[in-house]
Amino acid sequence: MSVDASSIVAVDERAARMGLCALVPLGAPGLVAEVAHRGAVDTWSRLLSDRDSRWGRAAATIDLRQVAAAGAEAGARFIIPSDAEWPAQLNDLDGVVVGGQTGAPFGLWVVGARLDELPAGVAIVGARAATTAGLHVAEGLAAGIAAAGLSVISGMAFGIDAAAHRGALELGGPTIAVLPSGLDRPYPSAHHDLAHSITARGALITEMPPGTTPTRYTFQARNRIIAALARGTVIGEAAARSGALNTTTWTTAIGRPLMAVPGDATHPLSSAPNALIRDRTAQLVTTAHDITQALPAAVRRNDRAMQLRADVEAARADVDAATETLTRAWQRVADTRRRLDHHLNQH
């Protein structure tokens, strides 16, 4: 059972994993293998007694009580693999190496809804400097995914990430942001209001302890969590060397469906998705229905219910559009009557 960070007073399994999450680089194969072999508590104890190693010296600088207190102050809870809330799909990262990183996180800091109470999710990733059209597409796909009863997962970055979260939120759907920073300083800081909205409808999660600022390694570490947490990943606009490709690499490495939204062949931000489609690494998608159909059957077992929810949302949109048209028509009638009354009064 998960507990609030403030309740940790001894180096038990939870505290040891909390300490291990504070060691960088995250997902280091040697350390992951050590924990798999000896367990978290034994590994942490051995690190503290080995001041000659790099890991040992780093562990000696970590005050677990201080880390726990900072987590509590941020309103966060720290969950570990033995908790019911833990997303079992993260275990698919074990034994897979991408860019020198491997393995599921030792634990996760969470603010917001319980992860085991949120529906299965789809990740949407892409460029920070996306075009207006690219943002519109990402937001629309996210809204469709939310309407289908699924969570939308992304990294809360500028551009496609933020558009995906907003698309889900506009439909009142759940969304999860996986951060490259501590929960006490959600990155980017300009998305403070977005982070608050996400917490209200879903969750903010991170592997990094409070106080952590983003680095290239923390971005890459969080990408593997996005890929594993999601049942499939969609890449929108992205350049040929986009950081979003790290997420797509993790997605294919762990055997999850990868989807891409095609774009203008002449635009640089279409390079990544178009290449993935061309190489048959990703499936071409243009609608939320395309996305849900590409997901594993186990995720689509409630496909009828998902479709009914989508139909309801579409019907509501039709009603809203019809209401707006009717309102404009009545306004024209009223305007015509006023002009007619004015004309008759003059004569």
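This report concerns the structure included in the present document. (Residues numbered from 1 in each chain as written. Predicted model: local features only at pLDDT ≥ 70, side-chain atom pairs only at ≥ 80, totals over all residues. Heavy atoms only, no water.)

Things to note about the pairing of strand β6 (residues 121–125)
Then step 1. Along β6, 5 of the 5 residues are buried, which leaves the element largely enclosed by surrounding structure.
Then step 2. Of the two faces of β6, the one carrying G121, A123 and V125 and the one carrying V122 and I124 are both buried.
Then step 3. Pairing analysis gives 3 bridges linking β6 to strand β7 (residues 151–154), with the strands arranged parallel. The residue bridging V122 from the neighbouring strand is V152, located in β7.
Then step 4. Each parallel crossover has a hand, and the one from β6 via helix α6 (residues 132–147) to β7 is right-handed.
Then step 5. Note: β6 against strand β10 (residues 233–235), 3 bridges, orientation parallel. Each bridged residue has a counterpart across the sheet, and for I124 the counterpart in β10 is V234. (Buried < 20%, exposed > 50% of the residue type's maximum accessible area, 1.4 Å probe, protein only. Helix = DSSP H or I, 4+ residues; strand = E, 2+ residues; numbered from the N terminus. Pairing = 2+ DSSP bridges. Right-handed = clockwise from strand over helix to strand, strands pointing away.)

Quick look at helix α9 (residues 216–229)
Then step 1. Under the 1.5 Å per step criterion, the end-to-end length of α9 is 20 Å for 14 residues, consistent within 8% with the ideal 20 Å.
Then step 2. Counted residue by residue, α9 has 12 buried out of 14 residues, so it is predominantly covered. (Expected span 1.5 Å × (residues − 1).)

Here's the deal with the packing of aromatic side chains
Then step 1. Under the counting rule described, the total for this entry stands at 2 aromatic pairs.
Then step 2. Judged by centre distance (4.9 Å) and plane angle (55°), the ring pair of F78 and W109 falls under tilted. Of this pair, F78 sits in strand β2 (residues 77–79) while W109 is found in strand β5 (residues 108–112), placing the two residues 31 residues apart along the sequence. A single burial state applies to F78 and to W109, both of which are buried.
Then step 3. Between Y187 and F219, the aromatic rings sit 5.7 Å apart at their centres with planes inclined by 80°, giving edge-to-face as the arrangement. Highlighted residues: Y187 in the loop between β8 (175–178) and α8 (192–201) and F219 in helix α9, separated in sequence by 32 residues.
Then step 4. The partly exposed category is assigned to Y187, whose relative accessible area is 32%.
Then step 5. Given a relative accessible area of 19%, F219 falls into the buried group.
Then step 6. Residue placement shows R216 over the ring face of Y217; its charged tip is 4.7 Å from the ring centre. (Phe/Tyr/Trp six-rings, centres within 6.5 Å; stacked < 30°, edge-to-face > 60°. Lys NZ or Arg CZ within 6 Å of the ring centre and 35° of its normal.)

A look at the pattern of salt bridges
Should the charged atoms of two oppositely charged side chains come close, the side chains can pair.
Then step 1. By the definition in use, this model includes 11 salt bridges.
Then step 2. Between R14 and D83 there is a salt bridge, with the nearest N and O atoms lying 2.9 Å from each other. Placement of R14 in helix α1 (residues 13–20) and of D83 in the loop between β2 and β3 (97–98) is noted, with a sequence separation of 69 residues between them.
Then step 3. With its nearest N and O atoms 3.0 Å apart, the salt bridge here joins R278 to D279.
Then step 4. Each of E34, R38 and R46 takes part in one network of salt bridges that share partners. (Salt bridge = Lys/Arg side-chain N within 4 Å of Asp/Glu carboxyl O.)

Focus on the pairing of strand β9 (residues 203–206)
Then step 1. Neither face of β9 is exposed, since A203 and I205 on one face and L204 and T206 on the opposite face are all buried.
Then step 2. In this structure, β5 lies alongside β9, joined through 4 bridges in antiparallel fashion. Looking at β9, one finds that V110 is bridged to I205.
Then step 3. As paired strands, β8 and β9 are joined by 3 bridges and run parallel to one another. In the strand pairing of β9, A177 is matched with L204.
Then step 4. In this fold, β8 hands off to α8, which returns the chain to β9; that crossover is right-handed.

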